[in-house]
Amino acid sequence: MISDIITILIVGAMISAIYALIAIGFTMIFGVGGILNLTHGALLMIAAYAYFVTQPYIGRAGGVIVGIVLAAVASYGVYMGLVRYIEENVVITFMATIMAALALQEAMTMAFSQQAQVLTPIMPGSVAIAGTRMQYDQLLAFVFSWVMIGMLWYYVTNTKDGRAILATSMSERGAIFTGVDLPRVRRQTWLIAGAFAGVGGIFIGRLQQTSPEMWLEPLTLAFMIVIIGGVGSIKGSIIAAYLIGYIETLTVALLGAPYRVVVALLIIIAVIMYRPEGLYGREYLE
Amino acid sequence: MSREPSQQNRDSSSNSDRTNRRTVLKTVGAGAAVTSIAGCLGGSGGTGGTIKIGHIMPVETDNGLGSERSAQLAVDQLNENGGILDNDVELVTADSAAQPSEAHSAVTEMINRENIQMLVGTVVSEVALSLADLVAENDLPFLITGAASPRIFAENHAQNYDQFKSIFRPGPVNSIKQAEYLAQYGQFLSEEHGWDTMAVVSEDAAWTQDITDMTASLLEESGIDVAVNERVALDTNDWTPILDQVESSGAQTMIGALSHIPITGMTSSWSRNEYPFSLDGVMIAAQSPQFWSDTQGTAEYLSTATSAADGFADITPKTSEVMDAYQSEYDSRPTTPTFVGFITHDAINLYAEAVERAGTANHREDIDSIVEELQATDFEGSYGQIQFQGPDDEYPNDVYPGEGPGDEFAPFTITQWQAAEDGNGIGDTDGTKRCVWPETYQNGDHQTPSWM
Amino acid sequence: MSNEYDRSGEPVVQRFTREFLGEPNRYQIASAGVALLALLTVPFWAGQYLYVFALASIWAIFAMGWDIISGHTNYISFGHSALSGGAAYTTGVLVHNVNPDMAMYITFPLSILAAIVIGLLFAVPTLRLEGPYFSLITLLGVLVLTQLVYIYGEYTGGELGITAVSTLTYNLTNLYYYTLIPMLLIGAVLVVVSQSNIGRILRAIGENEAAIESSGIDTTRFKLWAFLMSAITMGIGGAMLAHFYGNITPSTVLVVDRSLEMVAIAVIGGMGTIAGPIGGAFVFIILRDEVLTVFGSTGRWLALWLIVLFFLVFLRDGIFPFIWSRIGSIGGGRDE
């Protein structure tokens, strides 16, 4: 009994850390531009495949770096090559980004086949913690998650560019008044969001699966977490990521895996009915 | 949160899988005319006509592509030997993408535009089920190669034989038989290694229901403790909890039935973490000759049920003939015909023999003669001896399963991924497959994982 | 151009078209007439495409069902296949579990009812909120429903599905008219709705909901009505799809891919116009099954999604409104 609880605590913490990585980028982009970037899941996929392709040649650390960089560049590319031209229309952006994600899925299928791929462990091996077998990569994901959150926190509170992002996500109008260069803020946000997605993608791809269809589930997760956490709130997203991570772990343990999405839907409906602005949100789009 | 179940398809002996690839109807072979040539409507008797054979498979999967190539081989070989009833044979192929809707569209067009005389294919049971009405309505001979659901015959032929008489399954044996054979294999493992505890883990899909229901209870009956009998969600991608559960149950093997769920990740996690049990069962992805490289060699010691031992044992003299012909023609993935390829190759040849005997391939006018001769089939194929069950049997037109997995009729084999002797691995790898069960066809011993 | 005083005496047809299609010039009327005539005579000039066109007719129903809510109000649904799939599964589950000979006059209304109930459960709570909530809920809705099909595999057949549903017909000409005529009837009703004041208000909600609300209109009520019409349409289409194939599996009628295809069809055809998505369905299905097949079975989907993306960026109004206005500008065009 006690050991079961400990297992749930540990497993939940590990998976939640990855969910936080996935959701942060999504919420930042939503925060500064009011844009729901539905290619977000595909960015994860790009990072996982980048690691898969390059790791045999340049090693594990190299593969991780290439994956993160490529996801950041791809995110930047999506903004500069597509979203920039249509962002004034939220609905068009919304649909265009999901079409882009579908196109990326087909492109990946053509390049790598439908077959799910195995990624080489970043840190091979495992360790038993309180009777629960944890791969080092799970622990690594946890550490990465918090290190990156820490770095982001430092960035948005202690650097000029970062503060501009924070200000914009609080109030776009206010930010413009204080002389923030809005296009520059958006470009930076997309880059940072892409890097977070890259880290999340490598770990999801490594610990779960790397396949052309791996984008939809993380995207759904990010979407849910952002709604629960409150639009544009990084703090809210982190808390919501842990909430969802633990609820999922509990659901799987108590009801079985097929019920995960059912429980998730119920939670979302409850949140929408009773607290539509989410845990830490401002009213949606002001 | 779930993605809709899917992904990976490697479809199955048993069944099913889906993806979102969709169909493309394309004509392989001479003259890709999409018109119906009047003379070919009959295709019967006369010379100079063309008999078109339709092939429907999810060709993005190894099993599907292996089957398509093997069908082409069979057709080429028939043409070299004068065709069927002095007609040239042409293969018309379509990608079902493992989706019933895609397959339905593709086959409708094959029938109406191409005037195919016979349809072979599908490893996906839902596709086979959904095509039954359509081909029956058109009296089209349909030889099912791969899909293993007993429902195809129980819901159709057993209710109204005359309506569905043109549908046959040359192989493999249906999933009820497979469930029974898996339990026998479990007993073999128990005798071989002294194992007394086993886990049965099936993906939560209709095709595995027989394995959950039957395999476990048959194992129990033979005195083996089934410590885990789980069904896992189709969108499972974190295997750690399940592997941990099997480990803590003390099972010495996990008998899996997994097709939709990608198992490459599970396999590498099992091997790299040295979980102290063996992996056996029906693992569709592991039937592919490229599974060793897909898993970076962590597939070693994993066993899976298949037909024709995937070509790695001489089931009949024809097995190696087909294998060699395939390998001299194709060297890209999949590098062997896959079990489906053998059955498809057999299906086309036994059809050719049957219509030669019937003296007609005109299914629209003379389906009864064709069905009669198909029923009378006694064909030595590359995967085994093929006969069909009679109209009054439990599964009319399904393959006759023989007395057991190891006799000559529709054999059921288990192959294990093992380390190859120097340089004899598949492709450039150092892994190969050996047939470890049943004893009749065995060419290697079942090995326990080195870390156990 | 047109003279206000003459209107009382104008012929009924002309008056109808003026009120519901704006003020088409004679070229527009002629081309709409030709298109309709072409559809009605397909068996005589494109016999080998009958199956494809029949399938396109059903997808046209789905695209219109999506369009009346999402295309008009900009509340984008990513899960409309939950409605059509729910209806198809209702037909299937009734036939499979209750009575294999159950008549269509029982299963059909029940299937439509199911679509409405599913719509009420999943979508209505979010219609009073902003668009993205609606999108998320519809997306989750279709994922949940797909999962339920597996969880209750005993009744639904899991991934193997239900084969007990009777097929409409195997005669392709009949099949074509069985799908085309309901499609045109639904289309006629929805075009009328779309061109009426209700349709105008729905489109206005899509453009600026706050402005409409501040003028004292209860937008939630209008959204609900639109959604109800959408659910009924999806219910009819879903039940038809079940009988079209004669079998039901999650991948045929339910999975989220099907929903995204509906979005794509409406985008190509022209969102918010009803007639556009009808044409869009034919364009989409013909591109997919006949034209883009040169790129192979995966490549054609890549091409298809890129085409949709092209429309979203460069031709947001869709192809048919574009053509319509081009024809409208022939001969001097309308003096607007």
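The shown structure was predicted, so the numbers you read here are calculated from the model rather than taken from an experiment.

Regarding its fold elements, chain C presents 17 helices and zero strands. Taking 336 residues into account, the globule formula puts the C-alpha radius of gyration at 20 Å, and chain C, at 20 Å, falls close to it. A burial count over chain C gives 59% of its 336 residues as buried. Counted over contacts in chain C with a minimum sequence separation of 6, partners at least 24 positions apart contribute 77%. Entry remark: accessible area of chain C is about 12,900 Å², with carbon and sulfur atoms responsible for 65%.

Right, let's get into the interface of chain B and chain A. Reports often express the size of an interface as the amount of accessible area lost when the parts come together. Between chain B and chain A, the residue contacts involve 32 residues of the former and 29 residues of the latter. The contact between chain B and chain A buries some 2,800 Å² in all, and 43% of this surface belongs to carbon and sulfur atoms. Linking chain B with chain A are zero salt bridges. Taken together, chain B and chain A are joined by three residue pairs in polar contact (both at pLDDT 80 or more). Elements with a contribution of two residues or more to the side of chain B that touches chain A: α9 (240-249) and α10 (264-272) of chain B. Looking at the side of chain B that touches chain A element by element, the count peaks at five residues for α10(B). Split into classes, the residues belonging to the side of chain B that touches chain A amount to four nonpolar, 16 polar and 12 charged.

This paragraph deals with a negative patch on the surface. On the surface, E321(B), D324(B), D378(B), E380(B) and E408(B) cluster together to form a negatively charged patch. Counting through the fold element by element, D378(B) comes out in the loop between α14 (363-375) and β12 (379-380).

Take the UniProt feature "transmembrane region" (unreviewed entry) in chain C next. Residues and elements named next belong to chain C. Per the UniProt record, "transmembrane region" (unreviewed entry) is annotated on residues 51-69, 76-96, 102-124, 136-155, 175-193, 224-245, 265-287 and 299-324. End-to-end, the C-alpha atoms of residues 51-69 are 28 Å apart, and along that stretch the chain is 100% helix and 0% strand. Across residues 102-124, the secondary structure splits into 87% helix and 0% strand, with the terminal C-alpha atoms separated by 31 Å.

Right, let's talk about a nonpolar patch on the surface for a bit. A surface patch of nonpolar side chains, amounting to about 590 Å² of accessible area, comprises Y105(C), I106(C), L110(C), L113(C), V117(C) and L121(C). Along the chain, V117(C) turns up in helix α6 (residues 104-122).

We now examine the sheet that holds strand β7 (residues 197-203) of chain B. All names here are of chain B. If you walk across this open sheet you meet the four strands as β8-β7-β9-β10, and the pairing is parallel. Where the open sheet ends on each side, the last strands, each with one partner, are β8 (225-232) and β10 (278-283). Recorded for the sheet is a direction-independent mean angle of 15° between the axes of neighbouring strands. Most of the contacts of helix α8 (residues 209-221) go to β8, to which it runs at about 175°, and overall it touches β7, β8, β9 (253-258) and β10.

This part is about the packing of aromatic side chains. What the rule picks out here adds up to 34 aromatic pairs over all chains. Measuring from ring centre to ring centre gives 6.0 Å for F26(A) and F223(A), while their planes differ by 55°; the resulting arrangement is tilted. Here the residue F26(A) occupies a position in helix α1 (residues 2-33), and F223(A) occupies one in helix α8 (residues 216-229), the gap between them amounting to 197 residues. The same class applies to F26(A) as to F223(A), namely buried. Here a set of aromatic residues connected by ring pairs shows up, and it is made of W45(C), Y49(C), F53(C), Y176(C), Y177(C) and F282(C).

Attention now moves to the sheet that holds strand β15 (residues 431-437) of chain B. All names here are of chain B. Strand order in the open sheet formed by three strands is β11-β14-β15, and the pairing between neighbours is antiparallel. Sheet topology places β11 (303-306) and β15 at the edges, where each strand pairs with a single neighbour. Neighbour-to-neighbour, the strand axes of the sheet open up by a mean angle of 35°, direction not taken into account. Sheet topology note: the β11/strand β14 (residues 413-419) ladder contains four bridges and is antiparallel. Within β14, the residue paired with T306 across the bridge is T413.

Reading the values: rules and limits
- Residues numbered from 1 in each chain as written.
- Chains lettered and ligands numbered in written order.
- Predicted model: local features only at pLDDT ≥ 70, side-chain atom pairs only at ≥ 80, totals over all residues.
- Heavy atoms only, no water.
- Helix = DSSP H or I, 4+ residues; strand = E, 2+ residues; numbered from the N terminus.
- Rg over C-alpha atoms; globule rule 2.2 N^0.38 Å.
- Buried < 20%, exposed > 50% of the residue type's maximum accessible area, 1.4 Å probe, protein only.
- Contact = heavy atoms within 4.5 Å.
- Areas by Shrake-Rupley, 256 points an atom, 1.4 Å probe, with all protein chains shown as cover.
- Buried area = accessible area lost by both parts, 1.4 Å probe.
- Salt bridge = Lys/Arg side-chain N within 4 Å of Asp/Glu carboxyl O.
- Polar contact = N/O pair within 3.5 Å; in protein donor to acceptor, adjacent residues only side chain to side chain.
- Nonpolar A, V, L, I, M, F, W, Y, C, P; charged D, E, K, R; others polar.
- Patch = residues over 30% accessible without salt bridge, like charges linked within 9 Å, V, L, I, M, F, W, Y side chains within 5 Å.
- Lys, Arg positive; Asp, Glu negative; His and termini not counted.
- Charge placed at Lys NZ, Arg CZ, Asp CG, Glu CD.
- UniProt positions renumbered as here; feature names shortened; annotations may be inferred.
- Pairing = 2+ DSSP bridges.
- Axes fitted to C-alpha atoms, helices over the stretch in contact; angles between N-to-C directions.
- Phe/Tyr/Trp six-rings, centres within 6.5 Å; stacked < 30°, edge-to-face > 60°.

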